[in-house]
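Below, each chain spelled out in residue letters.
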Amino acid sequence: MSPFPAIPRRWLILLAVMLAFLPVVIDMTILHIAVPSLTLALDASATQVLWIIDIYPLLMAGLLVPMGTLADRIGHRRVLLTGLGIFGTASLLAAFAPTPATLIATRALLALGGSMIMPCVLGIIRRTFEDEDERALALGLWGTVGAAGAALGPLIGGVLLEHFWWGSAFLINVPIMLSVLPLVYVLLPRREATTPGTWTPLQALLLIAAILALVYGIKATLGQTQALTIALPVALSGLGLLVLFVRLQLRTTRPMLDLTLFSRPAILAGIIMATLASGALAGVELTLAQELQYVLGKTPLEAGIFMLPIMVAAALGGPVAGYLSQLCGLRTVAVLSLAIAAAALACLAFSDFAHPGLTVPLLLALLGLALSIGLTASSIAIMSSVAPSQGGAAGSLEATAYEFGSGLGITLFGVLLSGVYRHTLLQVPDLPPAQAERAARSIGDSYVIARDLAAPQAKALIEAAKAAFSASHSLVLMTAAALLAALALLVCHLLRSASTPRG
């Protein structure tokens, strides 16, 4: 007999898995607002900060598909319970990480736990709700929780950092996990249908190694010209591993990722849109969080509130995209959403964030809405181009594109920002060469160096850093705008033959 007789068991299961899913989504955005705080607290370099932020989505990109396959093999309940335990433990360790290296390692552990949770949540919802109408409602609630979690991440981070230290952004996950674990243990059936077959973790490790090697090759150039001798071979080895992974997927009869789907123009357009739109959203959000706190001196809470329009609008993009795609056609919606996002970024590049008025919040909301519509349009393009039997494979590709795009966007935005910052920062007189070298890597490094300088010299360095970052920020936003405009043209070409039924 169920210990919760008043409410149907399936809705309690939905509540449990959505609570499990919420911290995983929040962790994708909550740390953006904490970058200045943890940079100063841990004395983290620009490269270390980038690894702290995007080790999470990059590892998730490589782990989502194999963990979903593992859940099909041994059962969603077992994998979900394990993932919850790992995620909670990693959150506790991350909250008290004493060094940047430790925080990077615990973020990697968080990605492992999160990659076990996410595929199980969708699988459990699909198995729990047999009625199509109820399943549609359950999936809609799941999507709302995901969008709301991403939207509230910066605000929650700002509230926590207003009263506590940066580690509280992780510590908040622990009581949630402790509450969800017993619910999942009690509510989910111990017996469930599983899929026979083998599980090939080596393919997943190959993909992860390829991604990390490529990203390391990019990051290693941050402020270290001599590192090119290391970065180039590592990046080339990552590219070689990626080619090997692709060849293995194309040869095997049961691939981990069905890469033959890329031969369809609509799916290719959808994957490219998912990768670049999620990358632009993550990169802009991280860059903006630093501009608001480092340059304008806003508190984490003030920065979170300032950024709220972009994420709230993004949460509304899904239903709007579905309606507009039926009304106007997928190609029109996809191209216009990317073009509008590009225009919003271009306008933001020349906006005065110190005196935003109504213009900047409206531009941020327009950017969030346009990118969210673009992401939903990418999903429509992918799912409308495959048979129902291929929906799982297409969904795996899409989820991987989202996570990889977020990680890659943060990396590329960070590298571009650092490169422009280095060449824009004015030299402070009488600053020792070693300190000048580190200060030129990022505005976070400049603040760390300034703490050890005499007041006049520290003030001069901070003022130079603020001016350099603002100039760099504007150039990065313009570059992102140009990339999205080019993407709009590419998608217009790829979707020229795609058709969406009109309502």
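Residues numbered from 1 in each chain as written. Predicted model: local features only at pLDDT ≥ 70, side-chain atom pairs only at ≥ 80, totals over all residues. Heavy atoms only, no water.

Caption draft 1: Molecular detail of the overall build of the chain. The number of helices and strands found in the chain is 18 helices and zero strands. For the chain, the residues scored as buried account for 52% of the 503 residues in total. Sequence-distant contacts, at least 24 apart, represent 81% of the contacts inside the chain between residues at least 6 apart. As presented, the chain carries roughly 21000 Å² of accessible surface, and 69% of it is formed by carbon and sulfur atoms. (Helix = DSSP H or I, 4+ residues; strand = E, 2+ residues; numbered from the N terminus. Buried < 20%, exposed > 50% of the residue type's maximum accessible area, 1.4 Å probe, protein only. Contact = heavy atoms within 4.5 Å. Areas by Shrake-Rupley, 256 points an atom, 1.4 Å probe, with all protein chains shown as cover.)

Caption draft 2: Region of interest: the packing of helix α4 (residues 76–95) against helix α8 (residues 173–187). Running from N to C, α4 and α8 cross one another at 160°; their axes reach a closest spacing of 9 Å. Between α4 and α8, the interaxial angle falls into the category roughly antiparallel. For the pair α4 and α8, the sense of crossing is left-handed. Residues Arg77, Leu80, Leu81, Leu84, Gly85, Phe87, Gly88, Ser91 and Leu92 of α4 touch α8, and the partners they reach there are Asn173, Val174, Met177, Val180, Leu181, Val184 and Tyr185. Broken down by class, the residue content of the contact of α4 with α8 amounts to 11 nonpolar, four polar and one charged. (Axes fitted to C-alpha atoms, helices over the stretch in contact; angles between N-to-C directions. Parallel < 35°, antiparallel > 145°, perpendicular 65-115°, else oblique. Left-handed = near helix turned anticlockwise from the far one by under 90°. Nonpolar A, V, L, I, M, F, W, Y, C, P; charged D, E, K, R; others polar.)

Caption draft 3: Geometry of the packing of aromatic side chains. As enumerated under the stated definition, the model contains four aromatic pairs in all. Pairing Trp166 with Phe170 gives two aromatic rings, centres 6.4 Å apart and planes at 90°, and the pair type is edge-to-face. The burial state of Trp166 is the same as that of Phe170; both residues are buried. Taking 6.2 Å as the distance between ring centres and 45° as the angle between the ring planes, the aromatic pair formed by Phe306 and Phe353 counts as tilted. Of this pair, Phe306 sits in helix α12 (residues 300–328) while Phe353 is found in the loop between α13 (330–349) and α14 (359–383), placing the two residues 47 residues apart along the sequence. (Phe/Tyr/Trp six-rings, centres within 6.5 Å; stacked < 30°, edge-to-face > 60°.)

Caption draft 4: View of the nonpolar core. Ranked by size, the top nonpolar core spans 76 residues in total, and within it Val17, Leu80, Leu84, Leu103, Ile117, Phe170 and Val184 carry the most contacts. In terms of residues, this core owes the most to one element, helix α3 (residues 46–74), which gives 16 residues. In terms of nonpolar packing, the next biggest core, distinct from the first, is built from 69 residues, Ala269, Tyr421, Ala450 and Ala480 among them. (Core = buried A, V, L, I, M, F, W, Y, C linked by side-chain atoms within 4.5 Å.)

Caption draft 5: Structural context of α4. Compared with an ideal rise of 1.5 Å per residue, which puts 20 residues at 28 Å, α4 spans 28 Å between its outermost C-alpha atoms and is within 8% of the ideal. Extensive coverage of α4 is indicated by the burial of 14 of its 20 residues. (Expected span 1.5 Å × (residues − 1).)

Caption draft 6: Structural context of helix α17 (residues 443–450). Counting buried positions along α17 gives eight out of eight residues, so the element sits mostly inside the fold. Buried residues of α17: Ile443, Gly444, Asp445, Ser446, Tyr447, Val448, Ile449 and Ala450, and no others.

Caption draft 7: Representation of a nonpolar patch on the surface within the structure. A cluster of nonpolar side chains, contributed by Leu92, Phe96, Phe164 and Trp165, occupies part of the molecular surface with about 440 Å² of accessible area. Looking at the secondary structure, you find Leu92 in helix α4. For Leu92, a relative accessible area of 42% puts it in the partly exposed group. (Patch = residues over 30% accessible without salt bridge, like charges linked within 9 Å, V, L, I, M, F, W, Y side chains within 5 Å. Salt bridge = Lys/Arg side-chain N within 4 Å of Asp/Glu carboxyl O.)

Caption draft 8: Structural context of the environment of Gly419. Secondary-structure assignment places Gly419 in helix α15 (residues 391–424). Classification of Gly419 by relative accessible area gives partly exposed; the value is 30%. For the pair Gly419 and Arg441, spaced 22 residues apart in sequence, the C-alpha separation works out to 7.8 Å.

Caption draft 9: Region of interest: unusual backbone geometry. Of note in this structure, Asp43 is not a glycine but carries a positive phi near 55°. Owing to a relative accessible area of 37%, Asp43 belongs among the partly exposed residues under this scheme.

Caption draft 10: Spotlight on the confidence of the model for the chain. Residues at a pLDDT of 70 or more form 85% of the chain, whose mean pLDDT is 78. Across the chain, α4 holds the top mean pLDDT of 89, while helix α6 (residues 132–163) sits lowest at 69. Here residues 499–503 scores under 50 on pLDDT; set against residues more than four positions off or in separate chains, the count is 10 contacts. (pLDDT = per-residue confidence, 0-100.)

Caption draft 11: Local environment of the side chain of Ser115. Secondary-structure assignment places Ser115 in helix α5 (residues 100–128). Taking relative accessible area as the criterion, Ser115 reaches 0% and is therefore assigned buried. Look past the residues within four positions of Ser115 in its chain and what remains in contact with it is Met60, Leu63, Leu64 and Met67.

Caption draft 12: Spotlight on the packing of α3 against α4. Relative to each other, α3 and α4 sit at 150°, their axes nearing to 8 Å. Accordingly, the angle class assigned to the pair α3 and α4 is roughly antiparallel. For the pair formed by α3 and α4, the contact residues are Tyr56, Leu70, Ala71, Asp72 and Ile74 on the first element and His76, Arg78, Val79 and Phe87 on the second. The residue inventory of the contact of α3 with α4, partitioned by class, reads six nonpolar, one polar and two charged.

Caption draft 13: Structural detail: the environment of Leu431. In this fold, Leu431 is placed in the loop between α15 and α16 (433–439). On a C-alpha basis, the gap between Leu431 and Gln457 in space is 8.1 Å, while along the polypeptide they are 26 residues apart.

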